[in-house]
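Structural features, examined
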Amino acid sequence: MEANKSLLRIFGSPKMGALLFLGFSSGLPLYLTSQTLQAWLTKEGIGLAAIAAFSLVKLPYSLKFLWSPLLDRFVPPFLGRRRGWLVITQVALLLGIAAMALQNPSQGLQPLVIAAVAVAFFSASQDILVDAYRTDVVEITERGAGASIYLLGYRLAILVTGYVALFLADRMPWQAVYLLMSLLMLVGVVSSIFAPEPQERDRPPQTLSAAIKLPFIEFFQRQGWLQGLLILIFIVIYKLGDSLLKNVSTPFLLDKGLHFTQTDIAFPGALGIFATIIGTLAAGAIITKIGVNRSLWIFAILQAVGNLVFFALAVVGKNYYLMLAAVNIEQFCAGLETAAFVAFLMSLCNQSFSATQYALLSSLQGFSRDILTAPAGTWAQATGWPTFFALTAIAALPGLLLLPFFAPWSQKPVLSRPGLEEEEDLWGTK
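Residues numbered from 1 in each chain as written. Predicted model: local features only at pLDDT ≥ 70, side-chain atom pairs only at ≥ 80, totals over all residues. Heavy atoms only, no water.

Looking at an unreviewed UniProt entry, the protein chain carries the name AmpG family muropeptide MFS transporter, with the source organism given as Dendronalium phyllosphericum CENA369. Recorded in UniProt for the protein chain, the comment headed Subcellular location (unreviewed entry) runs: "Cell membrane". (UniProt positions renumbered as here; feature names shortened; annotations may be inferred.)

Encoded structure:
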């Protein structure tokens, strides 16, 4: 009973409400510069080559670590280092999405491209700041809950900008849809203004040079060079099995051998988003009870099991109910694994440099998701679907071999943050 009260107290705190809305604000621009924008351009009769080229608009998400030190170093004159920058980027996003709404793609793409790149840049900046705010504001015991609540808000935004936006686009002009989406950025602006201010336990970098160099030095000084390197390798490979599967799951379901139609997979796909949300919330409760370390172990194994359901579908062939189970079990397990992974990244950051360190660490996972999985289709063709999915299940496990070095099963939870005490010699005060 006492444990349940503790969970309710954590999940019901004002900071969790702030993280829910900031997660929504963080997820809102993503589809507006990718999938949803592609649907708009397709309806406007834009050629496939031009639509595919719009994928370059997402480049700021991969390069956000380049300007993250600026957000650690400089403090706006209002609302503090995190909330002040959040309001600035969210207002810029509101204006940028509204600028996209004013464009007519059939009359020229250049203004839309400029607006979309601006939205992607400020969206990536907002992601840096929300990640840093979440890392700074939660206590050690709240990391699991903070990660899951943020991801819940993010997924809800994907539902709105994906499914709801497409629904509205059948009933009103795309320009009106984008204008409505821009107004939803007010959720983020209001949340940032009234969100609890993180307690400044540590000093921000005093110079831009320090903001660039010290995040690297501090991380390896705190972790040690060998353990730090193992952690970086772990970040790259931990979600590799899930990323490989996701990269080819839709082509697999539409493969001629299975004979599923787009209508067949539409409902399981939409339901899968809710499975991810449920997995994310379940992860928050589980991490709060057993800690981040053990959650990383358990959820990696469950993700491998989720991949094996796709292996079973590849072996059995067309079976609607098995397909429904495969999609939703995999999505549920992915929700568990992602929440634990986000909580783990939070635990690695020093509050003085949380924007830079989190951006750098998450970029490593992005490298795995976007680059290492690129040949997945070629591998699937070479091995056949059953063998490929068996290999993705195996790929979900190597991270377990690294966990004993920095997150052993028996390790007690850390009760203090990495911060000022560890970095005093960096500032030359020892």
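So, the environment of Ser410
Looking at where Ser410 falls in the secondary structure, it is placed in the loop between helix 21 (398-406) and helix 22 (420-423). You can call Ser410 exposed: its relative accessible area is 61%. Taking C-alpha positions, Ser410 is 8.2 Å from Arg294, a pair spaced 116 residues apart along the chain. (Helix = DSSP H or I, 4+ residues; strand = E, 2+ residues; numbered from the N terminus. Buried < 20%, exposed > 50% of the residue type's maximum accessible area, 1.4 Å probe, protein only.)

Focus: the packing of helix 7 (residues 80-101) against helix 8 (residues 110-137)
Two elements in contact, helix 7 and helix 8, have axes whose closest approach is 9 Å; the angle formed by their N-to-C orientations is 155°. Our classification of the angle between helix 7 and helix 8 gives roughly antiparallel. For the element pair helix 7 and helix 8, the recorded crossing hand is left-handed. Looking at the contact of helix 7 with helix 8 residue by residue, the class counts come to 16 nonpolar, six polar and three charged. (Axes fitted to C-alpha atoms, helices over the stretch in contact; angles between N-to-C directions. Parallel < 35°, antiparallel > 145°, perpendicular 65-115°, else oblique. Left-handed = near helix turned anticlockwise from the far one by under 90°. Nonpolar A, V, L, I, M, F, W, Y, C, P; charged D, E, K, R; others polar.)

Brief notes about unusual backbone geometry
Even without glycine at this site, Leu79 takes up a positive phi of about 65°. Under the relative-accessibility criterion, Leu79 is labelled partly exposed at 28%.

Some remarks on the pattern of salt bridges
In total, this model carries nine salt bridges according to the counting rule given. The partner of Arg82 in a salt bridge is Asp136, and the shortest N-O contact between them spans 2.9 Å. Taken together, the positions of Arg82 in helix 7 and Asp136 in helix 8 put the pair 54 residues apart, joining distant regions of the chain. For Asp136, a relative accessible area of 1% translates into the label buried. Notably, a salt bridge pairs Asp242 with Lys239, separated by 3.6 Å at the nearest N-O pair. Linked through salt bridges whose partners overlap, the residues forming this network are Asp72, Arg81, Arg82 and Asp136. (Salt bridge = Lys/Arg side-chain N within 4 Å of Asp/Glu carboxyl O.)

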